[in-house]
Amino acid sequence: MRFLEDHQYIKLIRQGDMQAFGLLVQKHQNLVYTLAVRMLKNPEEAQEAAQDTFVKIYQSLSGFEGKSKFTTWMYRIVYNECLSRLRKVKRNFTLVEELVNNPEEPADLMGGLEIMLLEERAALVRKGIEMLSASEAVVLTLFYLEDQSIKEISTITGNSESNIKVQLFRGRNHLGVALQKLTNSELIGTK
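Keep in mind that what you see is a predicted model, and the values were worked out from it rather than measured.

### A word on the overall build of the chain
Secondary structure summary: the chain contains eight helices and zero strands in total. In the chain, the succession of α and β elements from N to C terminus is α-α-α-α-α-α-α-α. Pairs at least 24 residues apart make up 66% of the contacts formed inside the chain by residues separated by at least 6 positions. Surface exposure of the chain reaches about 11500 Å², of which carbon and sulfur atoms provide 52%.

Next comes the structure, spelled out in structure tokens:
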């Protein structure tokens, strides 16, 4: 399905078109759920957080001024919703990264060994990201997988742009160390 631009849906929703809101939800539900599940590490709780996020988006849409991209505003809402849930249960969280390498060649043209190696690499990166602090994991995910700019991540998380740059730098370094530890432990057969 080909979707309209976000601003077109927002205009229709503000005119009372509920179907437009449904299409806006369809357009962004996977992104919202993905961020929620990475932060909360619980699919059921992430589903509830995603639903609550869209309720808040609908209720707050009249206040969206368009000073930032709609997706930045939306990510900020889901980010805050997840943080709120985590505070309620008073537990620390880490971001579980689902790094899926989408090969440029169709899977049927790739050898089975290549597919297996890509899957193992993605699993290794997920384990490495689990070892990072939550803030570093969120920043790495938003920057590398969700293609958010440093400025947008700053808006989403409420941290300064320089702090985001530091978290990206440290997160990359810590991920490298974590991956090195994981590969060394796999080479010697310990986990």
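After presenting the structure, the write-up continues.
### Some words on the environment of I156
Within the fold, I156 resides in helix α7 (residues 150-157). For the pair formed by I156 and T71, sequence separation is 85 residues and the distance between their alpha carbons is 9.7 Å. Excluding its chain neighbours within four sequence positions, the residues that come into contact with I156 are T72, Y75, R76, Y79, L142 and Q148.

### Observations concerning the confidence of the model for the chain
Predicted confidence across the chain gives a mean pLDDT of 79, with 81% of residues reaching 70 or more. Counting contacts from residues 90-110, a segment whose pLDDT is below 50, to residues more than four positions away or on other chains yields 46 contacts.

### Notes on the packing of helix α1 (residues 6-14) against helix α2 (residues 18-40)
Helix-helix packing: each pair is described by the crossing angle between the helix axes and the interaxial distance. Remark: α1 packs on α2, axes separated minimally by 8 Å, with the N-to-C direction vectors making an angle of 150 degrees. Classed by the angle they form, the pair α1 and α2 counts as roughly antiparallel. For the crossing formed where α1 meets α2, the hand is left-handed. Within the contact between the two elements, α1 uses D6, Y9, L12 and I13 and α2 uses A20, F21, L23, L24, K27 and H28. Across the contact of α1 with α2, the residue classes tally to seven nonpolar, one polar and two charged.

### Here's the deal with the pattern of salt bridges
Applying the stated criterion across every chain yields a total of seven salt bridges. Ionic pairing is found between E81 and K56, a salt bridge with its closest N-O pair at 2.4 Å. Separated by 25 residues along the polypeptide, E81 in helix α4 (residues 70-89) and K56 in helix α3 (residues 43-60) bring together distant segments of the chain. Residue classification places K56 among the partly exposed positions, given a relative accessible area of 36%.

### Examining the nonpolar core
Within the largest apolar cluster, 42 residues are counted, with the highest numbers of intra-cluster contacts made by I57 and F70. Those elements giving two or more residues to this core turn out to be α1, α2, α3, α4, α5 (112-130), α6 (134-145), α7 and α8 (161-187).

### As for α1
Restricting attention to buried positions, one finds in α1 the residues D6, Y9, I10 and I13. Along α1, the residues classed as buried sweep out an arc of 100 degrees about the axis, all on the same side. Exposed side of α1, more than 90 degrees from the buried face: H7 and K11 are the residues found there. The first or second residue beyond α1 is G16, which carries a positive phi of 95 degrees.

Reading guide: rules and limits
- Residues numbered from 1 in each chain as written.
- Predicted model: local features only at pLDDT ≥ 70, side-chain atom pairs only at ≥ 80, totals over all residues.
- Heavy atoms only, no water.
- Helix = DSSP H or I, 4+ residues; strand = E, 2+ residues; numbered from the N terminus.
- Contact = heavy atoms within 4.5 Å.
- Areas by Shrake-Rupley, 256 points an atom, 1.4 Å probe, with all protein chains shown as cover.
- pLDDT = per-residue confidence, 0-100.
- Axes fitted to C-alpha atoms, helices over the stretch in contact; angles between N-to-C directions.
- Parallel < 35°, antiparallel > 145°, perpendicular 65-115°, else oblique.
- Left-handed = near helix turned anticlockwise from the far one by under 90°.
- Nonpolar A, V, L, I, M, F, W, Y, C, P; charged D, E, K, R; others polar.
- Salt bridge = Lys/Arg side-chain N within 4 Å of Asp/Glu carboxyl O.
- Buried < 20%, exposed > 50% of the residue type's maximum accessible area, 1.4 Å probe, protein only.
- Core = buried A, V, L, I, M, F, W, Y, C linked by side-chain atoms within 4.5 Å.
- Arc of directions from axis to C-beta.

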